[in-house]
Amino acid sequence: MIKLTQILVLVCLTSLSAFAQNSTEIIQKSLDKLNGKSSQGEMEMTIVRPRYTRSMTMKSWSLGNEYFLIYITGPARDKGQVFLKRQTDMWNWIPNISRMIKLPPSMMGQNWMGSDFTNDDLVKMNSLVEDYTHRLIGEDQIDGLDCYKIELIPKPNSSVVWGKINMWVSKEEYYQMKGEYFDEDFELINTMEASEITQFDDRKLPAKLVMTPLNKPGNQTIMLNKNLKFSTNLQQDFFSQQNMKRVR
């Protein structure tokens with residue numbers, strides 16, 4: 001006969017497993033909402049510093065979580081640069097010097113084009129589902145939306161930038177409304193806040209993302225999403241080094 005304590009242990013383990021599964025499903029649904037099967041759009045990034053502000057415009061294309069391409073359309077000094085993520089590899093095409101550079105994993109945590117977003121943030125190098133474990137640690141309200149608060153911890157053999165991520169995902173629409181990004185010592189480095197829910201094609205998404213580094217007062221990067229379209233006819237061959245030189 002199974003003892004009462006054994007039954008309680010089994011119940012607890014089953015509950016913990018369900019919680020983990022639910023948290024993973026929430027993160028997956030938030031990524032599906034954000035990326036779709038494929039997407040293309042335009043973005044404007046504003047980099048705010050204590051002594052200056054500069055803006056950059058770009059086009060982006062994605063196919064699932066494995067393929068991303070970003071083409072910079074302005075300003076003139078940066079126009080034509082292209083960033084490609086193809087599965088686990090990331091490349092940068094610099095037309096002014098006709099040079100193709102492969103970015104090593106060690107550079108994924110570096111700031112992208114002088115902004116407060118990392119290379120990893122912009123091209124989603126690491127899968128939030130596959131490379132992290134997930135745990136529901138609370139609930140909260142962000143901009144009037146009821147949200148799950150989920151803790152993401154890297155799996156032992158994952159090559160990731162962050163030592164921990166806390167993410168707030170809205171309960172009804174699975175918007176990623178807020179993120180906290182910690183280093184390997186669990187020190188909070190960056191916060192991301194999303195707002196301005198907007199209709200894009202067949203779905204609503206936050207149009208505005210603000211990334212703020214906590215150790216650099218006065219620094220901030222604002223990303224505005226524009227003209228997003230989903231379920232496009234993109235194929236894997238679009239995301240090639242050859243197309244980096246042709247895309248416009």
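Our structure is the block above this text.
Residues numbered from 1 in each chain as written. Predicted model: local features only at pLDDT ≥ 70, side-chain atom pairs only at ≥ 80, totals over all residues. Heavy atoms only, no water.

## Digging into the pairing of strand β3 (residues 67-74)
Reasoning step 1: Counting buried positions along β3 yields seven of eight residues, so the element is predominantly enclosed.
Reasoning step 2: Remark: three residues form the turn of the hairpin made by strand β2 (residues 52-63) and β3, two consecutive strands paired antiparallel; Gly64 in that turn has positive phi of roughly 60°.
Reasoning step 3: As paired elements, β3 and strand β4 (residues 82-86) share five bridges and run antiparallel to each other. Each bridged residue has a counterpart across the sheet, and for Leu69 the counterpart in β4 is Leu84. (Buried < 20%, exposed > 50% of the residue type's maximum accessible area, 1.4 Å probe, protein only. Helix = DSSP H or I, 4+ residues; strand = E, 2+ residues; numbered from the N terminus. Pairing = 2+ DSSP bridges.)

## A short note on the pattern of salt bridges
Reasoning step 1: Applying the stated criterion across every chain, the model contains nine salt bridges.
Reasoning step 2: The partner of Glu44 in a salt bridge is Lys226, with the nearest N and O atoms 2.9 Å apart. Placement of Glu44 in strand β1 (residues 38-49) and of Lys226 in strand β13 (residues 220-230) is noted, with a sequence separation of 182 residues between them.
Reasoning step 3: Put simply, Arg135 and Glu151 hold a salt bridge, and the shortest N to O gap is 3.1 Å. Here Glu151 lies in strand β8 (residues 145-154) and Arg135 lies in strand β7 (residues 132-142), a separation of 16 residues in the sequence.
Reasoning step 4: For Arg135, a relative accessible area of 48% puts it in the partly exposed group. (Salt bridge = Lys/Arg side-chain N within 4 Å of Asp/Glu carboxyl O.)

## Quick word on the environment of Thr73
Reasoning step 1: The residue Thr73 is located in strand β3 in this model.
Reasoning step 2: The class of Thr73 is partly exposed, set by a relative accessible area of 27%.
Reasoning step 3: Linking Thr73 and Gln40, residues 33 residues apart in sequence, is a C-alpha distance of 14 Å.
Reasoning step 4: Residue contacts for Thr73: discarding those within four places in its chain leaves Thr57, Met58, Lys59 and Lys79. (Contact = heavy atoms within 4.5 Å.)

## Considering unusual backbone geometry
Reasoning step 1: Cis rather than trans, the peptide bond between Gly74 and Pro75 has omega equal to 5°.
Reasoning step 2: The phi torsion at Met113 lies on the positive side, around 50°, for a residue other than glycine.
Reasoning step 3: The topology assignment puts Met113 in the loop between β6 (99-103) and α2 (119-123).
Reasoning step 4: One non-glycine residue, Glu196, lies in positive phi territory at about 60°.
Reasoning step 5: Counting through the fold element by element, Glu196 comes out in strand β11 (residues 188-200).
Reasoning step 6: Given the relative accessible area of 46%, Glu196 is considered partly exposed.

## A few points about the packing of aromatic side chains
Reasoning step 1: The final tally for this structure, using the stated rule, is five aromatic pairs.
Reasoning step 2: When the centroid spacing of 5.5 Å and the interplanar angle of 55° are considered together, the rings of Trp61 and Phe238 count as tilted. With Trp61 in strand β2 and Phe238 in the loop between β13 and α3 (241-244), the pair connects residues that are 177 residues apart, well separated along the chain.
Reasoning step 3: Judged by relative accessible area, which is 9%, Trp61 ranks as buried.
Reasoning step 4: Seen from their ring centres, Tyr67 and Phe239 are 5.8 Å apart, and the 40° between their planes marks the pair as tilted. Of this pair, Tyr67 sits in strand β3 while Phe239 sits in the loop between β13 and α3; the two residues are 172 residues apart in sequence, bridging distant segments of the chain.
Reasoning step 5: Linked through ring pairs, Trp61, Tyr67, Phe238 and Phe239 together constitute an aromatic cluster.
Reasoning step 6: Its guanidinium or amino end placed over the ring of Tyr148, Lys171 lies 5.5 Å from that ring's centre, counting from NZ or CZ.
Reasoning step 7: Sitting over the ring of Phe230, Arg203 keeps its end group 4.0 Å from the ring centre. (Phe/Tyr/Trp six-rings, centres within 6.5 Å; stacked < 30°, edge-to-face > 60°. Lys NZ or Arg CZ within 6 Å of the ring centre and 35° of its normal.)

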